[in-house]
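Coordinate inspection notes
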Amino acid sequence: MNKAERIKQGSSPIIGYNNNIRRLREQKHLRNMDLVAKLQLEGIPISTSTLSKIEQGACNPSTEQLVALQGILGCNYGDFFHPC
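About the thresholds
Residues numbered from 1 in each chain as written. Predicted model: local features only at pLDDT ≥ 70, side-chain atom pairs only at ≥ 80, totals over all residues. Heavy atoms only, no water. Helix = DSSP H or I, 4+ residues; strand = E, 2+ residues; numbered from the N terminus. Contact = heavy atoms within 4.5 Å. Areas by Shrake-Rupley, 256 points an atom, 1.4 Å probe, with all protein chains shown as cover. Buried < 20%, exposed > 50% of the residue type's maximum accessible area, 1.4 Å probe, protein only. Arc of directions from axis to C-beta. Axes fitted to C-alpha atoms, helices over the stretch in contact; angles between N-to-C directions. Parallel < 35°, antiparallel > 145°, perpendicular 65-115°, else oblique. Left-handed = near helix turned anticlockwise from the far one by under 90°.

1. Comments concerning the overall build of the protein chain
On a plain count of helices and strands, the protein chain comes out with five helices and zero strands. The secondary structure elements of the protein chain, listed N-terminal to C-terminal, are α-α-α-α-α. The long-range share in the protein chain, meaning contacts at least 24 apart out of those at least 6 apart in sequence, stands at 60%. If you sum the accessible surface of the protein chain, you get close to 5,400 Å²; carbon and sulfur atoms cover 53% of it.

2. Here's the deal with helix α3 (residues 32-41)
Three or more residues of α3 are buried, namely Asn 32, Leu 35, Val 36 and Leu 39. Buried positions in α3, seen along its axis, are confined to an arc of 100 degrees and lie on one side of it. Phi turns positive, to about 90 degrees, at Gly 43, one or two residues after α3.

3. Some remarks on the packing of α3 against helix α5 (residues 63-73)
Relative to each other, α3 and α5 sit at 115 degrees, their axes nearing to 10 Å. Taken together, α3 and α5 sit at an angle that is classed as roughly perpendicular. α3 and α5 meet at a crossing whose hand is right-handed. For the pair α3 and α5, contact is made by Leu 35, Lys 38 and Leu 39 and by Gln 65, Ala 68, Leu 69, Ile 72 and Leu 73, respectively.

Note that all results are geometric; they support no functional claim without further evidence.
In structure tokens form, the structure reads like this:
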């Protein structure tokens, strides 16, 4: 794998996060803005736009965001990767 392929691979969204984060949020009856508010209260700087991009698969969540999402959504880390 050449350098360009490694960079491209590292920057592409991880498949599985988007639908699962949205599904888990909706199961908790949370709107996008509600989840963003909870993340911000946990000290995670995030906007509704960024969360939407994560849920749409346009970008990956950070480790800190995943840790906070796991706590807020009350799920296991594996739940982010399970098929819907």
